[in-house]
Amino acid sequence: MNMLSDSRTAASSPHSESIRDVVAEIAAGSCSAQSLVEQAHDNAVRHAALNAIAWVDWPAAFDEARALDDEARAGRLRGPLHGVPVSIKDLYAVRGMPTRAGTRAPLPPLGAVEATAVARLRAAGALVFAKTNMHEIALGCSGENEWTGDVCNPFDPARQSGGSSSGSGVAVAAGIGLASIGSDTGGSVRIPAAFCSVVGFKPTAGAIPLDGALPLSFTCDHAGPLARSVADCALLYEVMAQRRVAHGAVARRPRLHIPAAWLRGRLAPQVRERFERSVGQLRAIGAEIGEADVAQLNDSWASYTPIVRAEAAWVHRAALDAGGVGFSSLVLPALQAARRILAVEYVEAMRTRAAISAALDAALADCDAWILPTSTVLPPPRGQNDVQVEGGTTTVREAVLGQTLPFSLCGVPALSVPLGLVDGLPVGLQVVARRDGDATLLALARWIERKVKGQG
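Conventions used here
Residues numbered from 1 in each chain as written. Predicted model: local features only at pLDDT ≥ 70, side-chain atom pairs only at ≥ 80, totals over all residues. Heavy atoms only, no water. Helix = DSSP H or I, 4+ residues; strand = E, 2+ residues; numbered from the N terminus. Buried < 20%, exposed > 50% of the residue type's maximum accessible area, 1.4 Å probe, protein only. Contact = heavy atoms within 4.5 Å. Lys, Arg positive; Asp, Glu negative; His and termini not counted. Charge placed at Lys NZ, Arg CZ, Asp CG, Glu CD. Polar contact = N/O pair within 3.5 Å; in protein donor to acceptor, adjacent residues only side chain to side chain. Pairing = 2+ DSSP bridges. Axes fitted to C-alpha atoms, helices over the stretch in contact; angles between N-to-C directions. Parallel < 35°, antiparallel > 145°, perpendicular 65-115°, else oblique. Phe/Tyr/Trp six-rings, centres within 6.5 Å; stacked < 30°, edge-to-face > 60°. pLDDT = per-residue confidence, 0-100. Expected span 1.5 Å × (residues − 1). Arc of directions from axis to C-beta. Core = buried A, V, L, I, M, F, W, Y, C linked by side-chain atoms within 4.5 Å. Salt bridge = Lys/Arg side-chain N within 4 Å of Asp/Glu carboxyl O.

## Considering the overall build of the protein chain
Scanning the protein chain for helices and strands turns up 17 helices and 13 strands. For the C-alpha atoms alone, the extent of the protein chain along its principal axes is close to 60 × 60 × 40 Å. Within the protein chain, buried positions represent 61% of all 456 residues. Taking as baseline every contact in the protein chain between residues at least 6 positions apart, the subset at least 24 positions apart corresponds to 78%. For the protein chain, the separation between the mean place of its 43 positive charges and that of its 44 negative charges on side chains is 3 Å.

Dropping the structure here:
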């Protein structure tokens, strides 16, 4: 069952252009913020069963749209996102909206009426209209949630949408707004982007401020956009990071490396075939394809898990001290176990992380970018715990999160771009670049997007 056929039509008509083009049309009077909100509303109603939206006030959104349209008619644009509907993952503080982070447990204070990233979007003219559902407190990658209900994959609602920014990926895919803002601790922007066939960008650590957002791991957390194209993600990044990317360029023969040794045995056969076909396409148009071998990547899990879980338990220490009431049966045991992690284990994990980061930085300095599948498998059925890959049976968590977490752990920029469909389900290509090479990564990902989009 492919539910996206209707949402594709809705999302591509009449406003299928880039965000920059849409804003230009608003300025010219040939498009309006109100029509964009109407489209978002209609798609939200049509695809309500996908469960992307956590909270929305449609009358308030229409009021804001009318105010933005009045300003546009008067020749006053607030900025490069004027009138563009953008949804926000429900762990960011947003003025006038509740924050629940997919849990019933009490949350620690976020310290701001509105997160800096959201305030920057609003100052640039974005119409911040809704909160999106998510994996509880961002501790998971499936989009399944005992309290708020599962966020369902728009290509097959019986399958996972990815997480933890699950609602953000589905909202963009279903045309409920033109973009969404997620967070990524181990892959939580890139995984739903890959599973929902949209673009998701995790910039270099610290590029987009996280104040006013609920932390999961202050070591590994990143903010990042999900949108319909690399160009749209680049624009959103410029606004939220207040950094320019126009200087990013693609070499005449870009050097793309594949961590082939690390991927051996990790991929499902359908994903392997689609990835290798894309590599062949890139090689045919002039890319130099090489291999990278960073043995330290194998230590990523051993470092990531104690760091993220110990820090998550610290973030939620008050709720845990009160007995952990309000955390689901999936999340509470993980947080309780995390409180038993010893200081020496945490320190050792941080030292391992530093070694992985140094090795990865050295390898990325030797090429323009790495390329690899975003997920080792197609979107798994909801509720499934194990999957088959070339090397045998593995957990869904390892198959999905294991492919993205090293790059969040180390803080280097990474992006997922759609590769097309296999057996009716999306496959994503992950592009990873050197630290602070965000502009180059975006330029290269846009080049790849033009070459492989819609194939397969």
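## Concerning the side chain of D184
Relative to the assigned elements, D184 resides in strand β4 (residues 179-184). When its relative accessible area of 0% is taken as the criterion, D184 is described as buried. At a separation of 2.8 Å, a polar atom in the side chain of D184 contacts the main-chain amide nitrogen of G187. Of note is the side chain of D184, whose polar atom sits 2.9 Å from the side chain of R190. Setting aside residues no more than four positions away along its own chain, D184 makes contact with V189, R190, K202, C220, D221, H222 and S408.

## Considering the sheet that holds strand β1 (residues 53-56)
Sheet strands associate in pairs through backbone hydrogen bonding, adopting either a parallel or an antiparallel arrangement. What the 11 strands build is an open sheet, ordered β1-β3-β2-β4-β6-β5-β12-β13-β9-β7-β8; its pairing is mixed. The open sheet has two edge strands, β1 and β8 (288-291), and neither has a second partner. The average undirected angle you get between the axes of adjacent strands in this sheet is 30 degrees. In the sheet, strand β7 (residues 255-258) pairs with strand β9 (residues 369-373) via 2 bridges, with the strands oriented parallel. Bridging across to β9, L256 finds its partner in A369.

## With respect to the packing of helix α3 (residues 33-46) against helix α4 (residues 58-73)
Relative orientation and spacing of two packed helices are given, respectively, by the angle between their axes and the distance between those axes. Two numbers describe how α3 lies on α4: the axes approach to 8 Å, and their chain directions differ by 160 degrees. In terms of orientation, α3 and α4 fall into the roughly antiparallel class. Contact residues: A33, Q34, V37, E38, A40, H41 and A44 in α3; W58, A61, F62, A65, R66, L68 and D69 in α4.

## With respect to the packing of aromatic side chains
By the definition in use, this model includes 5 aromatic pairs. Aromatic pair F218 and W314: ring centres 6.0 Å apart, planes at 85 degrees, arrangement edge-to-face. One end of the pair, F218, is in the loop between β5 (199-202) and β6 (222-227); the other, W314, is in helix α11 (residues 300-315), and 96 residues separate them in sequence. Here the aromatic rings of W370 and F407 are separated by 6.2 Å at their centres, their planes lie at 90 degrees, and the arrangement is edge-to-face. Separated by 37 residues along the polypeptide, W370 in strand β9 and F407 in helix α16 (residues 405-410) bring together distant segments of the chain.

## Some points on unusual backbone geometry
Here the bond from G163 into S164 is cis, since omega is 10 degrees, no more than 30 degrees from zero. Mapped onto the fold, S164 is located in the loop between β3 (127-132) and α6 (166-173). You will see that A138, though not glycine, has its phi angle at about 70 degrees, which is positive. Residue position: A138 is located in the loop between β3 and α6. On the basis of relative accessibility, which here comes to 6%, the residue A138 falls in the buried class. Not every positive phi belongs to a glycine, and S197 is a case in point at roughly 60 degrees.

## Side note on the confidence of the model for the protein chain
Caution applies to low-pLDDT parts of the model: their predicted coordinates are not meant to be read in detail. Per-residue confidence for the protein chain gives a mean pLDDT of 95; residues scoring 70 or more make up 96%. Per-residue pLDDT, averaged within each element of the protein chain, yields its smallest value for helix α1 (residues 4-12) (43) and its largest for strand β2 (residues 85-89) (99). Residue range residues 6-15 is modelled with pLDDT below 50. Its contacts to residues more than four positions away, or to other chains, number 24 contacts.

## Some words on the pairing of strand β11 (residues 392-395)
Pairing analysis gives 4 bridges linking strand β10 (residues 386-389) to β11, with the strands arranged antiparallel. Across the sheet, D386 pairs through a bridge with T395, a residue of β11. Remark: 2 residues form the turn of the hairpin made by β10 and β11, two consecutive strands paired antiparallel.

## What about α3?
Over its 14 residues, α3 extends 20 Å from the first C-alpha to the last, a length consistent with the 20 Å expected when each residue adds 1.5 Å. For α3, the full list of buried residues reads A33, L36, V37, Q39, A40, N43 and A44. Seen from one end, α3 has its buried residues packed into an arc of 155 degrees, which puts them on one side.

## Let's talk about the nonpolar core
Residues L121, W370, I371 and I448 are the most contacted members of the largest nonpolar core, which totals 128 residues. Among the elements that take part in this core, helix α8 (residues 230-241) stands out by supplying 9 residues, more than any other. Counting residues in hydrophobic clusters, the runner-up holds 27 residues, among them A40, A52, L127 and V198.

## Description of the pattern of salt bridges
Counted by the stated rule, this structure contains 19 salt bridges. Here R95 makes a salt bridge to E114, at a shortest N to O gap of 3.9 Å. One end of the pair, R95, is in the loop between β2 and α5 (116-123); the other, E114, is in the loop between β2 and α5, with 19 residues separating them in the sequence. One salt bridge connects R266 with E398, and the closest N-O pair in it is separated by 3.1 Å. Separated by 132 residues along the polypeptide, R266 in the loop between α9 (260-263) and α10 (269-284) and E398 in helix α15 (residues 396-401) bring together distant segments of the chain.

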